[in-house]
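Listed here are the chains, written in short residue letters.
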Amino acid sequence: MAITVQNFIKLANFYNQMTMMMSAICVQKGGIAMENYVGRFFVADTLEFVAEYGRRLLESRSAAVPADVAAVIKKFQGQYEKVKDLTTPTQKPIYEMTLEEFERVMNI
């Protein structure tokens, strides 16, 4: 996937929709705290991916990043710093793995 502003926006929208669903699930399950929801680890992994994608987008010289998108990237990076202890530990971050390494880790 080419690193583009449009792809970042799609990923950001996916993450936002997922957190909205997580909130709805927590309410449906009797009002459990989001900190106690088992899916919080997946959400943290997704946020890690989105924040890293945004960082690489900002560093890429091929794409002009609008100021509002840059502000969203910074916001995601700040959110990630708060939950990075919830991400899945690996020898190598998922966003740095090759497809073969990812398949091996996921046992596909």
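Below is a summary of the structure that appears in this document. (Residues numbered from 1 in each chain as written. Predicted model: local features only at pLDDT ≥ 70, side-chain atom pairs only at ≥ 80, totals over all residues. Heavy atoms only, no water.)

**Here we look at the overall build of the chain**
For clarity, the threshold we go by: Here a strand is any run of E in DSSP of at least two residues, a helix any run of H or I of at least four, and the numbering for each starts at the N terminus. For each residue, the accessible area found with a 1.4 Å probe, counting protein chains only, is set against the maximum for its type, and the residue is called buried under 20%, exposed over 50%, and partly exposed in between. Contacts are residue-level and defined by heavy atoms, with any inter-residue pair within 4.5 Å sufficient. In these tables, accessible area is a Shrake-Rupley quantity obtained with a 1.4 Å probe, and a residue counts as shielded only by the protein chains included in the view. The positive count covers Lys and Arg only, the negative count covers Asp and Glu only, and His and the chain ends enter neither. Note on charges: their place is set at NZ of Lys, CZ of Arg, CG of Asp or CD of Glu.
Within the chain, the regular secondary structure consists of four helices and zero strands. Seen through its principal axes, the chain has C-alpha atoms that stretch 45 × 35 × 20 Å. Here the chain holds 108 residues, and the buried ones make up 30% of them. By sequence separation, contacts in the chain at least 24 residues apart represent 68% of the contacts at least 6 residues apart. When the accessible surface of the chain is summed, it comes to about 7,400 Å², and 59% of that surface belongs to carbon and sulfur atoms. The average position of the 12 basic charges and that of the 12 acidic charges among the side chains of the chain differ by 4 Å.

**Brief notes about the packing of helix α2 (residues 40-59) against helix α3 (residues 67-83)**
The test is simple: Axis lines are fitted through C-alpha atoms, for helices just across the contact stretch, and the angle between N-to-C directions can take any value from 0 to 180 degrees. In what follows, roughly perpendicular refers to angles from 65 to 115 degrees, roughly parallel to angles under 35, roughly antiparallel to angles over 145, and oblique to any angle outside these ranges. Note on convention: the crossing is left-handed when the near helix lies turned anticlockwise from the far helix by less than a right angle, right-handed when the turn is clockwise.
At a minimum axis distance of 9 Å, the contact between α2 and α3 shows a crossing angle of 140 degrees. Taken together, the axes of α2 and α3 lie oblique to each other. Along this stretch, α2 crosses α3, giving a crossing that reads as left-handed. Across the interface between the two elements, Ala 44, Leu 47, Glu 48, Val 50, Ala 51, Gly 54, Arg 55, Leu 57 and Leu 58 of α2 pack against Ala 70, Ile 73, Lys 74, Phe 76, Gln 77, Gln 79, Tyr 80 and Val 83 of α3.

**Focus on a nonpolar patch on the surface**
Stated formally: A residue counts toward a patch only above 30% relative accessible area and without a salt bridge, and it is joined to like-charged neighbours within 9 Å or, for Val, Leu, Ile, Met, Phe, Trp and Tyr, to nonpolar neighbours within 5 Å. Any Lys or Arg side-chain nitrogen found within 4 Å of a carboxyl oxygen on Asp or Glu counts as a salt bridge.
A contiguous nonpolar surface patch, about 340 Å² in accessible area, is contributed by Val 105, Met 106 and Ile 108. Positionally, Val 105 belongs in helix α4 (residues 99-106).

**Remarks on the pattern of salt bridges**
Counted by the stated rule, this structure contains four salt bridges. A salt bridge links Glu 52 to Arg 56, with the nearest nitrogen and oxygen atoms 2.8 Å apart. One end of the pair, Glu 52, and the other, Arg 56, are both in helix α2, four residues apart, so they sit about a helical turn from each other. Connected through salt bridges with shared partners, the residues Glu 52, Arg 55, Arg 56 and Glu 59 form a single ionic network.

**Regarding the nonpolar core**
Put simply, the rule reads: In plain words, nonpolar cores are sets of buried Ala, Val, Leu, Ile, Met, Phe, Trp, Tyr and Cys residues tied together by side-chain atoms within 4.5 Å.
Counting residues in each nonpolar core, the largest one holds 19 residues, and the members touching the most others are Phe 8, Tyr 15, Val 50 and Phe 76. Examining the composition of this core, we find that eight residues originate from one element, helix α1 (residues 5-28), more than from any other. Here Tyr 15 is in contact with Val 43, Thr 46, Leu 47, Val 50, Phe 76 and Gln 79, once residues within four sequence places are set aside.

**With respect to the packing of α1 against α2**
In helix packing, the relevant descriptors are the interaxial angle and the interaxial distance, both defined with respect to the helix axes. Counted only if it meets this: For this classification, Asp, Glu, Lys and Arg are treated as charged, while Ala, Val, Leu, Ile, Met, Phe, Trp, Tyr, Cys and Pro are nonpolar and the rest, including Gly, are polar.
Between α1 and α2, the least distance of the axes is 10 Å, while the angle of their chain directions is 160 degrees. What the angle tells us is that α1 and α2 run roughly antiparallel. Both α1 and α2 take part in a crossing whose hand is left-handed. Along its contact with α1, which presents Val 5, Asn 7, Phe 8, Leu 11, Ala 12, Phe 14, Tyr 15, Met 18, Thr 19 and Met 22, the element α2 presents Arg 40, Phe 42, Val 43, Thr 46, Leu 47, Phe 49, Val 50, Tyr 53, Gly 54 and Leu 57. A per-class count over the contact of α1 with α2 returns 15 nonpolar, four polar and one charged.

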